[in-house]
Each structure stands twice: as structure tokens, then as C-alpha cells.
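Structural characterization, general
Chain by chain, the residues run as shown.
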Amino acid sequence: MNEKTRTASASDNMSAIDMSPWQGRTDPEPDSDRWHQRIQPLAPSAVPGTALIGFACDAGVARNQGRIGAAGGPAAIRRALAPLAWHRQGPVHDAGDVVCQGDALEEAQHELASQVAGLLDNGHRPLVLGGGHEVAFASWSGLARHLENHQALSGSAEPCQTEPCKARPRIGIINLDAHFDLRDPSHVRSSGTPFAQIADSCSERGWPFRYACLGVSRAANTRALFQRAKSLGVLVREDREFTPTRSEALVRDLGRFISRCDHLYLTIDLDVLPGAEAPGVSAPAARGVSLAMLEPLIEAVRDSGKLRLADIAELNPEFDQDNRTARVAARLVHLLTLDT
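The structure displayed is predicted, hence computed values, not measured ones.

Cut-off values and rules
The residue numbering used here restarts from 1 in each chain and proceeds along that chain's sequence as written. Totals for whole chains, interfaces and linings use every residue, but because this is a predicted model, local features are given only for residues with pLDDT of at least 70 and side-chain atom pairs only at 80 or more, for both listing and counting. Side-chain numbers come from the whole structure's heavy atoms, not from hydrogens or water. Salt bridges are defined as contacts in which a side-chain nitrogen from Lys or Arg sits within 4 Å of a carboxyl oxygen from Asp or Glu. Put simply, DSSP marks the helices as runs of H or I at least four residues long and the strands as runs of E at least two long, and each gets a number from the N terminus on. Relative accessibility under 20% of the residue-type maximum defines a buried residue, over 50% an exposed one, and the middle range a partly exposed one, all with a 1.4 Å probe and only protein chains included. Lines fitted to C-alpha atoms define the axes here, with helix axes fitted over just the stretch in contact, and angles between the N-to-C directions of these axes take values from 0 to 180 degrees. Orientation categories follow fixed angle ranges, with anything under 35 degrees roughly parallel, anything over 145 roughly antiparallel, 65 to 115 roughly perpendicular, and all other angles oblique. A clockwise turn of the near helix away from the far one marks a right-handed crossing, whereas an anticlockwise turn of less than a right angle marks a left-handed crossing. We call two residues in contact when some of their heavy atoms are within 4.5 Å. Under the grouping applied here, Gly and all other residues not named as nonpolar or charged are polar, the nonpolar ones being Ala, Val, Leu, Ile, Met, Phe, Trp, Tyr, Cys and Pro and the charged ones Asp, Glu, Lys and Arg.

Comments concerning the pattern of salt bridges
Applying the stated criterion across every chain yields a total of 16 salt bridges. Arg78 is the salt-bridge partner of Asp94, the closest N and O atoms lying 2.9 Å from each other. Here Asp94, found in strand 5 (residues 92-99), pairs with Arg78, found in helix 3 (residues 73-81); they are 16 residues apart in sequence, far enough to count as distant. Each member of the pair, Asp94 together with Arg78, is buried. With a closest N to O distance of 3.4 Å, Arg246 and Glu241 form a salt bridge. Classification of Arg246 by relative accessible area gives partly exposed; the value is 28%.

Right under this line is the structure:
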């Protein structure tokens, strides 16, 4: 494929859908398709499926004093995903990129939230390709907007007294990350503040804040951040807890968290991985959690029937080595989109 088309709702922050990264080998054997042969640009009449949408943004990382370059992440993930073998039944669409212009982070987040909400309204499951982890506030805001729209359309305006509750949806946020990203957003909003912003937004709406942060590095988070996580009731599992003998227990812990949620939003910060597995990130991990340890958790979320939205953040191709990190991100997309 080598074409460009416009998205259904164009704006100054939306780029044309560039299908040129979707290239790769073509095998002569039957039933040997690869991603580049099956993915299609999103059309207004598209059959609901998985919709990839990029968030080409460095502003949050720059504000957080990290290594910039994550704006190139969406294109790098597409290129790494293009030659992978196709094992799906349902369709996948490319919905283009939201592009952050300079430091206009809030405008780009607002645009991505609008695009995500629209995709959800049309029956798609969005998979957002970052960009810095500031993508998380935009992704969650899009899901929240969709649920509010659904509530309005259903005519349910009165707060209900029992759970689950349409007026007070229980959105479970599952973050695979070395960092809490709970810094105080009142000073500056950045890639280090999205989940604090989400907590504030939940409080304003009267919604419960349900957050699990798995793979946290104690060395990379201050005592103040651990205390904030405790005060917010965050489910915390540190990177040092991820051992082969603890794997099943970690999946059970996550399962209990999932059981108390109506909807799930999965966000994967690639810096949760060891620096040797994911060198091309804004903040490489000294220890990290291996991909092999993360996959059972991701599968549990995918197979729960509650996953509405996912994103992958912090791929920085400028610091990648042999496209190693892009390949990991592509494998994560492949894992998340396998039909079950």
C-alpha cells in the first residue's frame, strides 16, 4: 500500500492517513498474509474493528525534561508491524495521526480525546500509538467522553445506587510502567502527570479512580509519589516482584482488580521493559520487567471482555538500536489484537 487519505473528521491536528509505512514481503503460499496486506485506511463506513491511531507528540516529554523523539514513535511502530504475520479474523484500520504542533500539548490531547471517543462511538476498539506518556490523559478522556455520550443517549441521567453503574462507570486503568506518572499537574502538565490529571478528573465527575501500576521502579519514584499512590488506593507491584515464582500470583492479583471494573483501559509505557530489551525510550530502565513476564498480564486484560482501549507510549526511535524497541512495540500490538 502506498496512499494517503483523509480521516472522517479532519482538523489542524490531524494528519492525512499515510499508508506508505505498510510495506513488506508477500508470500506465494495461501493463507500467508501479513499486516501490510490486510490493514486498511479508516473510512466512515468501515466495519467495526481495531483502529490504530497515532499520537505524534514530544511536548509532554520535553516538559518533563526527558529525551525528546517520541513524536516519531507511531511511524516506527507501523513500519515494524507491517511485515508481521496476520492471525486475525476481524478488520484493522489505520486512523491516521494526531500531531502536536510545538508545545500545544493540551490542544493535541483534546483532539486525540475527540478522535478516540468517535472511534468508540462507532464500535471500534482504539489502539493508540504514542508519543510520550502524556497520551494517557488524552486516551482516558476519550473513553470518558464516550461513556458520557452513551449515558446521554441511553437517557440515564440519575446517579444509581448500586454497582455497576452507568452514571458512575468503574474504569480500570492498568498501567505497565516503571513510573507512577502521578506528579502534581498544578505546576506543569507533562508526561509525568497524566494519572494525577485523571484522578482529578474522576473526582470532578464523582467517578471512582481505579488505577493499577505494575512494574514500578522504587529507584525511579520518590517517596512522595509512593505516598500519593497509597493515598489514591493504587494497586502497586514493583519491578522486583516480577519473578517466575510470582508470575501466577501477579496474574491473580490483576484478575481481582479486573473483577471490580466495568471497563478497562490498558496503557503500556515501554520504559517498563529492561533497557536491553527497549533501549529506544525516553527514560531507559536499569532493571525493568521482561516482555515474557508482561505477556500473561496483557493476555489477561485482552481476554477479560472488558478492554475498551489501549495505548503504547514512549517509543523514541532516535535512540533505538536495530529497531529493537519498535519491534517490541509491534509485537505488543500483535498480541493485543489477536482474536480470542
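Structural notes on the packing of helix 8 (residues 247-259) against helix 9 (residues 291-302)
Here helix 8 crosses helix 9 at 25 degrees, and the two axes come no closer than 10 Å. Comparing the axis directions of helix 8 and helix 9 gives the class roughly parallel. Note on packing geometry: the crossing formed by helix 8 with helix 9 is right-handed. Contacts from Ser247, Leu250, Val251, Leu254 and Ile258 in helix 8 reach Met293, Pro296, Leu297, Ala300 and Val301 in helix 9. Residues that form the contact of helix 8 with helix 9 fall into these classes: 9 nonpolar, 1 polar and no charged.

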